[in-house]
Amino acid sequence: MLTYYKTIEGKLTELEAEEQGCWIQAVAPTPNETARLVDQLGLDAGFVASSLDEEEASRIEQEDDQIFVVVDVPYRNEREDGTVFYTTLPLGVIITPKYFVTISSAASSVVSDITDGVIRGVRTQFKTQLLLNILLRIAQRFLIYLKQIDRISGSMESQLNTSTSNAALVQILGLEKSLVYFSSSLRANETTLKRISRGRLVTLYEDDEDLLEDTLIEINQAIEMTGTYSHILNSTMEAYANIINNNVNLTMKILASVTVLMTIPTMVFGYYGMNVAGLQNPVWWFPCVISAVGALLTLAVLIKLKMFK
């Protein structure tokens, strides 16, 4: 889907068609829309294809009069079983002398926040400022999702304290995987931001310096939080793995003790059940007494050895 926006009289306004100085937003474009971006608007075909490639790495480059920036954007997903996980997808930004174009394979709240007016003072004519506003919003979205991950992991830990739930363990594993994606994407975005800060490909103005600095601070904070949360989740999983192993060992020890107790009467009754002559006291109560005494003595020994703890 293609939508067009332009700042008119200080307000971001949606247009019917593209015009010079506008922002073109392409979300999961159809083949016809993709062809229109390349053929009619003159966008580089490689840049457009890279923006829609889910495996594309964050970077910045220039081809003729077009500047291409691709960054990873976080997304929140939920499976049918209620498990929440997070991933990242690339967002391509193509800056041309006429247009500012964003291309993504899925709708993002980062871009919609700007188009919905959550971020005020956005001017499509100032392309560098608009780019930095998007990058800042992406960094802030990472921080929001990291706080959500922290809350979810805390809730799962509370569940594991009362019962070893498979659902809770699966959720924690999903969060660990999400943090791996976040760590890789954040470091790639940081590298791209540092290249932008050099001012070689993107012209930076005085007002853009503070915005770029704020974005780098948010990115660095997100990187630190990702490392901290990842370490906490790894430690939590290791701790619960040890607890589970300890519980299994305790269960096996109790079962082994019960097996030993059951072996005593089995041996006695097996001996008296043999069809041979000369058995001592061949009456029904005698093997019962022997079995009970033997089982009680064995139980006392097992209790002394703490086999039931």
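Just so we're clear, the structure is a prediction, and the values are computed from it rather than from any experiment. (Residues numbered from 1 in each chain as written. Predicted model: local features only at pLDDT ≥ 70, side-chain atom pairs only at ≥ 80, totals over all residues. Heavy atoms only, no water.)

Asker: Is there a simple way to think about the nonpolar core in this case?
Answerer: Soluble globular proteins tend to bury their nonpolar side chains together. Formed by 57 residues in total, the largest nonpolar core has its most connected members in Leu131, Ile134 and Ile138. Apart from the residues within four sequence positions on either side, Leu131 is in contact with Val69, Val93, Ile95, Phe100, Ile196 and Val202. If you look at the next biggest cluster of nonpolar residues, it comprises 17 residues, including Leu15, Leu37, Phe47 and Ile94. (Core = buried A, V, L, I, M, F, W, Y, C linked by side-chain atoms within 4.5 Å. Buried < 20%, exposed > 50% of the residue type's maximum accessible area, 1.4 Å probe, protein only. Contact = heavy atoms within 4.5 Å.)

Asker: Which parts of the structure should I look at to understand the pattern of salt bridges?
Answerer: A side chain of one charge can pair with a side chain of the opposite charge when the charged atoms of the two come close. Going through the model one piece at a time under the given rule, you end up with 6 salt bridges. Here Glu19 and Lys6 are joined by a salt bridge, their closest N and O atoms 2.9 Å apart. Pair noted here: Glu19 is in the loop between strand S2 (11–15) and strand S3 (23–27) and Lys6 is in strand S1 (residues 2–8), with a separation of 13 residues, a long-range link. Taking the relative accessible area as the measure of exposure, Lys6 reaches 15% and is therefore buried. Across the salt bridge formed by Arg59 and Glu61, the nearest N and O atoms sit 2.6 Å from each other. Look at Arg59 and you get partly exposed, because its relative accessible area is 23%. Residues joined in a network through salt bridges with shared partners are Glu56, Arg59 and Glu61. (Salt bridge = Lys/Arg side-chain N within 4 Å of Asp/Glu carboxyl O. Helix = DSSP H or I, 4+ residues; strand = E, 2+ residues; numbered from the N terminus.)

Asker: Help me understand the packing of helix H6 (residues 206–272) against helix H7 (residues 285–304), please; the structure alone is not making it clear to me.
Answerer: Angle between the axes and distance between the axes: these two values describe a pair of packed helices. Relative to each other, H6 and H7 sit at 160°, their axes nearing to 9 Å. On the basis of the axis angle, H6 is roughly antiparallel to H7. In the packing of H6 onto H7, the handedness of the crossing is right-handed. Contacts from Ser257, Val260, Leu261, Ile264, Pro265, Val268, Phe269 and Tyr272 of H6 reach H7 at Phe286, Pro287, Cys288, Ile290, Ser291, Gly294, Ala295, Thr298, Leu299 and Leu302. Per-class residue counts for the contact of H6 with H7 are 14 nonpolar, 4 polar and no charged. (Axes fitted to C-alpha atoms, helices over the stretch in contact; angles between N-to-C directions. Parallel < 35°, antiparallel > 145°, perpendicular 65-115°, else oblique. Left-handed = near helix turned anticlockwise from the far one by under 90°. Nonpolar A, V, L, I, M, F, W, Y, C, P; charged D, E, K, R; others polar.)

Asker: Would you take a moment to explain the sheet that holds S3 for this structure?
Answerer: The strands making up a sheet are joined through hydrogen bonds of the backbone, oriented either antiparallel or parallel. With mixed pairing, 7 strands are arranged side by side in an open sheet as S2-S1-S3-S7-S6-S5-S4. Unpaired on one side and paired on the other, S2 and strand S4 (59–63) mark the two borders of the sheet. Shown here is a sheet whose adjacent strand axes are inclined to one another by a mean of 25°, direction ignored. Across the sheet, helix H4 (residues 127–162) lies against S3, strand S5 (66–78), strand S6 (84–95) and strand S7 (100–104), angled at about 20° from S5, the strand it touches most. (Pairing = 2+ DSSP bridges.)

Asker: When you look at unusual backbone geometry in this model, what are you seeing that I'm missing?
Answerer: Peptide bonds are mostly trans, and most non-glycine residues show a negative phi. Unusually for a residue other than glycine, Ala28 sits at a positive phi of about 45°. Ala28 sits in the partly exposed class, given a relative accessible area of 41%. Even without glycine at this site, Asp64 takes up a positive phi of about 60°. Following the sequence through the fold, Asp64 ends up in the loop between S4 and S5. The class of Asp64 is exposed, set by a relative accessible area of 68%.

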